[in-house]
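# Structure assessment
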Amino acid sequence: MAVERYLLPPDGADWRSLDAYRRAGGYEAAQRALQGLAPEAVIEEVKASGLRGRGGAGFSTGQKWSFMPKPGGPKPTFIACNGDESEPGTFKDRQIVERNPHLLVEGLIITAHAIGARAAYVYLRGEYVTGFRTLVTAVDEARAAGLLGSRHCGIEREFDVHVMRGAGAYICGEETGMIESAEGKKGQPRKRPPFPAVYGLWGCPTTVNNVETISQVPAIIRKGAAWFKSIGTPTSTGNTLYGISGHVNRPGVYELPLGTPLREIIEVHAGGVRNGKRLKAIIPGGVSMPVLSAEQVDVRMDHESLKQAGTLLGTGGIVVIDETACMVRAAIVIARFFRHESCGQCTQCREGTAWLYKLLRRIESGQGSLADLETIDQVGGYMEGQTICALSDAAAWAATGFLRRFRSEFEAHVHGKGCPLPESFEP
Ligand SMILES: Cc1cc2nc3c(=O)[nH]c(=O)nc-3n(C[C@H](O)[C@H](O)[C@H](O)COP(=O)(O)O)c2cc1C
Ligand code: SF4
């Protein structure tokens, strides 16, 4: 069935300018929402659409918006839009800000109407220089056209968008780490409660949403919740941007419905495993998510199917690994990332990420024992559900996921006192 795309422009089309975006129907949804729908009606429509956050956790967006206080409170309310996108394997938000920036601006205008926000702060990964420039240009154009600022879109309210460049750490993508960083402080997650809807940016009520999540909103308002729900599965609705990287012929970002079979994404859209090699493993949603084996390639890419398969959808960033790669080495690369990115506030995370890395290195170099494999599982267990943020859980899931799914390969390193695939990439 043909896929109806609404997040990215068709190949060859350039929607970056306000004129081009408007010619494609842009800002009609914002006008409709602001002039014809009460804020509660927008929230109800988004709830009814089943939209779930695209930043990793898959939380209901409409429900999150309804946690915000009613307008007219003592403090201003804000949107913190998360475009930090620093997880290896995840590069989808970049496509929106570089190729369809007005879609994000329109989504922010509708979101602000729904929750009564006075301003949105888009926190963009520092390395996204082109995306930053493109988005700032779009914001300036929207402001000049009266879509932002005081009396924006012809209504008696003020709303503006500010674009900030990220400070270069993965932890600045965690929602409260991002808030701290946006306030000019060290990017360290805050303890919750209070949650951002109560105490967010500068202590004011704040909704944190991912760039892609916000960019889904104009289509929901334009075409309706029922249309959105008809795409995907009953509980994972709408299209999403799957980023696919690793050993495939056509790595890239593909807009497809949630629930698309993983095999179809790899074989049809990404052109299959490169150099005629056999598939060995797939990380389905950014490197935080437990790895799948090649036998699981027929799983559908939605929240429920992936949970049943023992992993999670995460950000939909798919990493394909072929038969030439050593699974211990792959686990080391990921463990090193988490060790480096732990902010160090929680003992379980600070020490646990370092221990996982050391243990994996020992196994890879042929110095490990079978007891080390048990220790990896044990350390991972101590790291889950104990810490201020989920980086610790993610580090544990990644390492223990590789061990559980490819245990025989780990054991082969112990018994053979070294890597059975020495021609594999260097960890
Ligand atoms: C270590 C860590 C890094 C994260 N990085 C990002 C990120 O780069 N972008 C993002 O949208 N969410 C990221 N998240 C998830 C956010 O904390 C938050 O759940 C998300 O931005 C909420 O948006 P959503 O409801 O629209 O998905 C990260 C979470 C953790 C624990
Ligand atoms: S879990 Fe790790 S990254 Fe998160 S706050 Fe604790 S130490 Fe920092």
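Owing to the predicted nature of the structure, the values given are computational and were not obtained by experimental measurement.

Time to look at the overall build of the protein chain. In terms of regular secondary structure, the protein chain is built from 17 helices and 12 strands. Its C-alpha atoms give the protein chain a radius of gyration of 22 Å, within 12% of the compact-globule value 22 Å for 427 residues. C-alpha extents for the protein chain along the principal axes are approximately 70 × 45 × 35 Å. By residue count, 59% of the 427 residues in the protein chain fall in the buried class. A separation threshold of at least 6 residues defines the contact pool for the protein chain, and within that pool the share at least 24 residues apart is 71%. Computing the positive centroid from 48 side-chain charges and the negative centroid from 46, the protein chain places the two 2 Å apart.

Here we come to the site of ligand 2. Within the structure, ligand 2 sits among 13 residues, and Cys 343, Gln 345, Cys 346, Cys 349 and Cys 389 are positioned closest to it. The class makeup of the residues in the shell around ligand 2 is 8 nonpolar, 5 polar and no charged.

For the rest of this paragraph, the subject is the environment of Ser 365. Secondary-structure assignment places Ser 365 in the loop between α14 (347-364) and α15 (370-383). Residue Ser 365 is classed as partly exposed on the basis of its relative accessible area, which comes to 38%. Separated by 309 residues in the primary sequence, Ser 365 and Gly 56 place their C-alpha atoms 33 Å from one another.

A few words now on the pairing of strand β10 (residues 279-283). Burial of β10 is extensive: 4 of the 5 residues sit out of reach of the surface. The pairing of β10 with strand β12 (residues 317-322) spans 4 bridges and is classified as antiparallel. Residue Ile 282 lies in a different strand from β12, and its bridge partner there is Val 320.

Next up on the list: the sheet that holds strand β4 (residues 158-165). Strand-to-strand pairing in sheets goes through backbone hydrogen bonds, with the strands running parallel or antiparallel. Within the open sheet, the 5 strands sit side by side as β3-β4-β2-β1-β5. Their pairing is mixed. The strands lining the two open edges of the sheet, one partner per strand, are β3 (149-150) and β5 (206-210). The pairing of strand β2 (residues 119-124) with β4 spans 6 bridges and is classified as parallel. Within the sheet, the bridge partner assigned to Tyr 121 lies in β4 and is His 162. Of the strands in this sheet, β1 (78-83), β2, β4 and β5 are in contact with helix α6 (residues 101-115), which crosses β1 at around 145°. In this fold helix α7 (residues 129-144) packs onto β2 and β4, with an angle of close to 165° to the strand it touches most, β4.

What follows is about the site of ligand 1. Gly 55, Lys 64, Glu 85, Asn 210 and Thr 213 are the nearest of the 19 residues found near ligand 1. Taking Asn 82, its side chain carries an N or O atom lying 3.0 Å from an oxygen atom of ligand 1. Burial of ligand 1 by the protein amounts to 88% of the accessible area it has alone, namely 610 Å². Among the elements that take part in the shell around ligand 1, β5 stands out by supplying 3 residues, more than any other.

Right, let's get into α7. Counted at 1.5 Å a residue, the expected span for α7 with its 16 residues is 22 Å, and the 23 Å between its end C-alpha atoms agrees. Buried within α7 are the following residues: Gly 131, Thr 134, Leu 135, Ala 138, Val 139 and Ala 142. Seen from one end, α7 has its buried residues packed into an arc of 135°, which puts them on one side. Residues Arg 133 and Ala 144 are exposed on α7 and point more than 90 degrees away from its buried face.

What follows concerns the packing of aromatic side chains. Enumeration according to the criterion identifies 11 aromatic pairs in this entry. Taking the centre distance of 6.1 Å and the plane angle of 45° together, the rings of Phe 59 and Phe 67 count as tilted. Since its relative accessible area comes to 37%, Phe 59 is described here as partly exposed. Among the residues examined, Phe 67 registers a relative accessible area of 48% and is labelled partly exposed. Ring-pair connections join several aromatic residues into one group, and the members of that group are Tyr 6, Trp 227 and Phe 228. If you follow Arg 165 out to its NZ or CZ, it ends over the ring of Phe 132, 5.5 Å from the centre. Taking NZ or CZ as reference, Lys 358 lies 5.0 Å from the ring centre of Trp 355, over its face.

Next up on the list: the sheet that holds strand β8 (residues 239-246). Judged by pairing direction, the sheet is mixed, and its 5 strands sit side by side in the order β9-β8-β12-β10-β11 without closing on themselves. The open sheet has two edge strands, β9 (252-257) and β11 (292-293), and neither has a second partner. Strand direction decides the pairing type here: β8 and β12, joined by 4 bridges, are parallel. From the neighbouring strand, Ser 245 faces β12, where its bridge partner is Val 319.

With respect to the element layout, Thr 387 can be found in the loop between α15 and α16 (391-405). Of the polar contacts made by the side chain of Thr 387, one reaches the backbone oxygen of Cys 389; its length is 2.8 Å. Once you skip the residues sitting within four places of it in the chain, Thr 387 turns out to touch Cys 346, Gln 348, Cys 349, Ser 392 and Asp 393.

A separate point is the side chain of Thr 134. Along the chain, Thr 134 falls in helix α7. Excluding its chain neighbours within four sequence positions, the residues that come into contact with Thr 134 are Arg 16, Val 97, Glu 98 and Pro 101.

Once that is clear, we can look at the nonpolar core. Counting 56 residues, the largest nonpolar core has Tyr 27, Ile 79, Leu 104, Leu 108, Ile 109 and Phe 159 as the members making the most contacts within it. Counting residues per element, this core draws most heavily on α6, at 9 residues. Residue contacts for Phe 159: discarding those within four places in its chain leaves Ile 79, Leu 108, Ile 109, Ala 112, Ala 117, Arg 118, Ala 119, Ala 120, Leu 148, Gly 149 and His 152.

Calculation notes
Counting from 1, residues in each chain are numbered in the order their sequence is written. Each chain takes a letter, starting from A, and each ligand takes a number, starting from 1, following the order in which they are written. Totals for whole chains, interfaces and linings use all residues, but because this is a predicted model, local features are given only for residues with pLDDT of at least 70 and pairs of side-chain atoms are given and counted only at 80 or more. Excluding hydrogens and water, the side-chain figures rest on all heavy atoms present in the structure. Each helix corresponds to a stretch of at least 4 residues labelled H or I by DSSP, and each strand to a stretch of at least 2 residues labelled E; elements are numbered beginning at the N terminus. Radius of gyration here is computed from C-alpha atoms only, and the compact-globule reference equals 2.2 Å multiplied by the residue count raised to the power 0.38. Burial here depends on accessible area, computed with a 1.4 Å probe over protein chains only, as a share of the maximum for the residue type. Under 20% is buried, over 50% is exposed, and the range in between is partly exposed. When checking whether two residues touch, look at their non-hydrogen atoms; a contact exists if any pair is within 4.5 Å. We score Asp and Glu as negative and Lys and Arg as positive, and we do not count His or the chain ends. Charge positions come from single atoms, namely NZ of Lys, CZ of Arg, CG of Asp or CD of Glu. We call a residue near a molecule or strand when any one of its heavy atoms sits within 4 Å of it. Any residue outside Ala, Val, Leu, Ile, Met, Phe, Trp, Tyr, Cys, Pro, Asp, Glu, Lys and Arg is labelled polar, Gly included; the first ten of those are nonpolar and the last four are charged. In this analysis, strands are considered paired if DSSP registers two or more bridges between them. Each axis is a line fitted through C-alpha atoms, and for a helix only the stretch in contact is used; angles between axes span 0 to 180 degrees, taken between their N-to-C directions. By the criterion applied in these results, polar contacts are pairs of N or O atoms within 3.5 Å in which, for protein atoms, one can donate a hydrogen and the other can accept it, and in which residues neighboring in sequence qualify only through two side-chain atoms. Computed with a 1.4 Å probe, the accessible areas rest on the Shrake-Rupley method; for each residue, only the protein chains presented here act as cover. What a helix should span is 1.5 Å times the count of its residues minus one. Directions are taken from the helix axis to each C-beta atom, and the arc is the one they span. Ring pairs shown here join Phe, Tyr and Trp side chains whose ring centres sit within 6.5 Å, with only the six-membered ring taken for Trp; geometry is labelled stacked below 30 degrees between planes, edge-to-face above 60, and tilted in between. Definition used: whenever NZ (Lys) or CZ (Arg) falls within 6 Å of the ring centre and also within 35 degrees of the ring normal, the charge is taken to sit over that ring. As used in this record, nonpolar core signifies buried Ala, Val, Leu, Ile, Met, Phe, Trp, Tyr and Cys residues forming a set joined through side-chain atoms within 4.5 Å.

Bear in mind that shape data such as this cannot, by itself, settle questions of function.
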